[in-house]
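# Coordinate inspection notes
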Amino acid sequence: MSAERSRFIVSAEWVRKQLGAPQFRVVDASWYLPAHNRNAAVEYSEGHIPGAVFFDQDQIADNSSSLPHTLPSPESFADAVGKLGIADTDTIVVYDGPGLFSAPRVWWMLRVMGAPNVFVLDGGLDGWKQQGLPLETDLPEPAPATFNAVFNEARVTSFADMRKIVDEASSQIADARPAGRFTGEVAEPRAGMRSGHMPGARSVPVTSLSENGHLKNLATLRSIFMEAGIDLTRPVVTSCGSGVTAAAITLALESIGHRSNTLYDGSWSEWSSKKDTPVVTGPAEPLETALPAPLSAHVTKLEMTSAPKTSLPVPINIQTAIIRATEMPLAYYRFLYRQVGGRWHWYKRLKMSDSALQAVIHHKDVSISVLYVNGAPAGFFELCEQPDNVVELSYFGLFEHALGLGIGKWFLLQALYAAWQSAPSKVVVMTNTLDHPRALQLYQQFGFSPVETWEELVVPVSDEELTAQLRKDYHIG
């Protein structure tokens, strides 16, 4: 599959070849609005992909809620999905009729409940039929399976969270409803719901993400989000009418490498039904400045499962010292981060607020060590102790003036010695194609092995952002 196509989308021909394979499951997740004039259950009984089970989004839900098809408890979800013959370890392909409407919702539900290998059928059942691929009308009777639900609560936004996000503008809001409903020019399909959108929301209609049921390529998706005013380096909350099509935005974001996103499960059904929630009509507010164009990076995650056994001498004719910092001032950290990462488009920590950055670098599980050469700072490395006895080498690098002194390998070895001091089960690191061209080779030389790759977006820090941060850090103006 091309790197410019989503890694979560699979073709009809690929699915056809997998039918009947062990631990391969197909799920019909069709669900429609009244305006579609389609009945998902009837269409399933009249013909579905061989072996597919029907996932009823109105039933596999929290039926104690007054809101439609909200996320059920992990226990309830595991029981219902297990009865459909689906285990969390299966490879699962989800489809709907048109291709990218309700299927992403079940894709998201399965993933948020802990299933890692979930995909969406490109083109949906309509596309499957157009290709003349086989259908069946027999209703399968799958053997019950065990679905071990591990609920990722951090991927779901509650109403209380949403109120705070709107009040503080702490995350961006991407609204999947049609443009007319977003502006308030078209009435909501459910009674008792006000028209318009949440303050600060941006309009990303679900129909803009696909063409004839096929998710658009990654470059086009990036452009759609940027034109809508979504900064792909910042957190995003997805929303829609009732939480279904919001998942299509989540799918698109995940496809282009955006990982800091959550879904507002109550969505507009909940927000607009409240008496005191603010609602705005008309188009989204214009952007004050154009967003910088993102860069595409191929990320490689590597891991090291045993401590280094090599040793290197201290470089000669220079004086070196490595000092672990405690309670490092934010301005000094940003200075180190810019000096080391500026050439390689490091940006995440420069876009953090003071409180967010302080929470990270002053955390008890994070340690930062600074390299000094001949009395001047020349580089740093940052370690983070993660769950399951894993240590991440979060950042590592040298200042430009320290390159060419022959200390890079020696300094990396010192970082690895520090990482292994707590006797972790493994040490992990990530690098990408925007890093030093020999970074991947160097990590492998020191005993790291690649374990995962993906595409990610990098949006460089603009000159305006950098200037504003420098003025703030050094109290200028």
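Per an unreviewed UniProt entry, the chain goes by 3-mercaptopyruvate sulfurtransferase and derives from Allorhizobium terrae. On record in UniProt, under Subcellular location (unreviewed entry), the comment for the chain is "Cytoplasm". As its UniProt record puts it under Catalytic activity (unreviewed entry), the chain is described as follows: "2-oxo-3-sulfanylpropanoate + [thioredoxin]-dithiol = [thioredoxin]-disulfide + hydrogen sulfide + pyruvate + H(+)".

## Digging into helix H6 (residues 159-168)
Along H6, the residues classified as buried are Met162, Ile165 and Val166. Projected down its long axis, H6 carries its buried residues within an arc of 95 degrees, all on one side. Of the exposed residues in H6, those oriented more than 90 degrees away from the buried face are Ala160, Asp167 and Glu168. Residues of H6 that are buried in the fold lie against strand S6 (156-157), strand S7 (172-175), strand S11 (236-239), strand S12 (261-264) and helix H10 (267-271). Positioned one or two residues after H6, alanine 169 has a phi angle of 50 degrees, which is positive.

## Here we look at the sheet that holds strand S1 (residues 9-10)
Spatial strand order, S1-S5-S4-S2-S3: five strands in an open sheet with parallel pairing. Two strands lie at the open edges of the sheet, namely S1 and strand S3 (53-54), each paired on one side alone. Here five bridges tie strand S2 (residues 24-28) to strand S4 (residues 91-95), and the two strands are oriented parallel to one another. Within S4, the position partnered with phenylalanine 24 by the bridge is threonine 91.

## What to know about the domain arrangement of the chain
With domains assigned, the chain is organised as domain 1 (9-151), domain 2 (155-273) and domain 3 (295-474). Look at where the C-alpha atoms of domain 1 and domain 2 centre, and you get two points 22 Å apart. Contact with domain 1, which involves 24 residues of that partner, is made by 23 residues of domain 2. Of the roughly 2000 Å² buried at the junction of domain 1 and domain 2 (both faces included), carbon and sulfur atoms supply 71%. Counting every contact that joins domain 1 to domain 2 gives two salt bridges. When the shortest N-O distance is used, the salt bridge between glutamate 254 and arginine 111 registers 3.8 Å. At the junction of domain 1 and domain 2, the tally comes to six residue pairs in polar contact (both at pLDDT 80 or more). With six residues, the top contributor of residues to the side of domain 1 that touches domain 2 is helix H4 (residues 103-112). Grouping the amino acids of the side of domain 1 that touches domain 2 by side-chain chemistry returns 15 nonpolar, six polar and three charged.

## So, the UniProt feature "domain: Rhodanese" (unreviewed entry) in the chain
Mapped onto this numbering, the UniProt entry gives "domain: Rhodanese" (unreviewed entry) at residues 20-137 and 167-280. The straight-line gap between the two end C-alpha atoms of residues 20-137 is 16 Å; of that span, 29% is helix and 14% is strand. Spanning residues 167-280, this segment combines 28% helix with 17% strand, and its end C-alpha atoms are found 13 Å apart.

## Some remarks on the pattern of salt bridges
According to the stated counting rule, one finds 19 salt bridges in the structure shown. Of the charged contacts, one joins aspartate 175 and arginine 177 as a salt bridge, the two residues approaching to 2.8 Å between their closest N and O atoms. Each of the two residues, aspartate 175 as well as arginine 177, counts as buried. Among the salt bridges present, the one from lysine 348 reaches glutamate 456, with a minimum N-O distance of 3.5 Å. Of this pair, lysine 348 sits in the loop between helix H11 (330-341) and helix H12 (354-361) while glutamate 456 sits in strand S19 (residues 449-458), placing them 108 residues apart in sequence. Each member of the salt-bridge network shares a partner with another, and the members are Asp175, Arg177, Arg181 and Glu188.

## As for the sheet that holds S12
Strand-to-strand pairing in sheets goes through backbone hydrogen bonds, with the strands running parallel or antiparallel. Spatially, the five strands line up as an open sheet ordered S6-S12-S11-S7-S8, and their pairing is parallel. Single-partner strands in this sheet number two, and they are S6 and strand S8 (201-203). Relative to S12, S11 runs parallel, the two sharing three bridges. The partner of valine 237 across the bridge, within S12, is threonine 262.

## A few points about the side chain of threonine 238
Relative to the elements of secondary structure, threonine 238 occurs in strand S11. For threonine 238, a relative accessible area of 0% puts it in the buried group. A polar atom in the side chain of threonine 238 sits 3.1 Å from the side chain of threonine 250.

About the criteria used
- Residues numbered from 1 in each chain as written.
- Predicted model: local features only at pLDDT ≥ 70, side-chain atom pairs only at ≥ 80, totals over all residues.
- Heavy atoms only, no water.
- UniProt positions renumbered as here; feature names shortened; annotations may be inferred.
- Buried < 20%, exposed > 50% of the residue type's maximum accessible area, 1.4 Å probe, protein only.
- Helix = DSSP H or I, 4+ residues; strand = E, 2+ residues; numbered from the N terminus.
- Arc of directions from axis to C-beta.
- Contact = heavy atoms within 4.5 Å.
- Pairing = 2+ DSSP bridges.
- Domains from an automatic or database assignment.
- Buried area = accessible area lost by both parts, 1.4 Å probe.
- Salt bridge = Lys/Arg side-chain N within 4 Å of Asp/Glu carboxyl O.
- Polar contact = N/O pair within 3.5 Å; in protein donor to acceptor, adjacent residues only side chain to side chain.
- Nonpolar A, V, L, I, M, F, W, Y, C, P; charged D, E, K, R; others polar.

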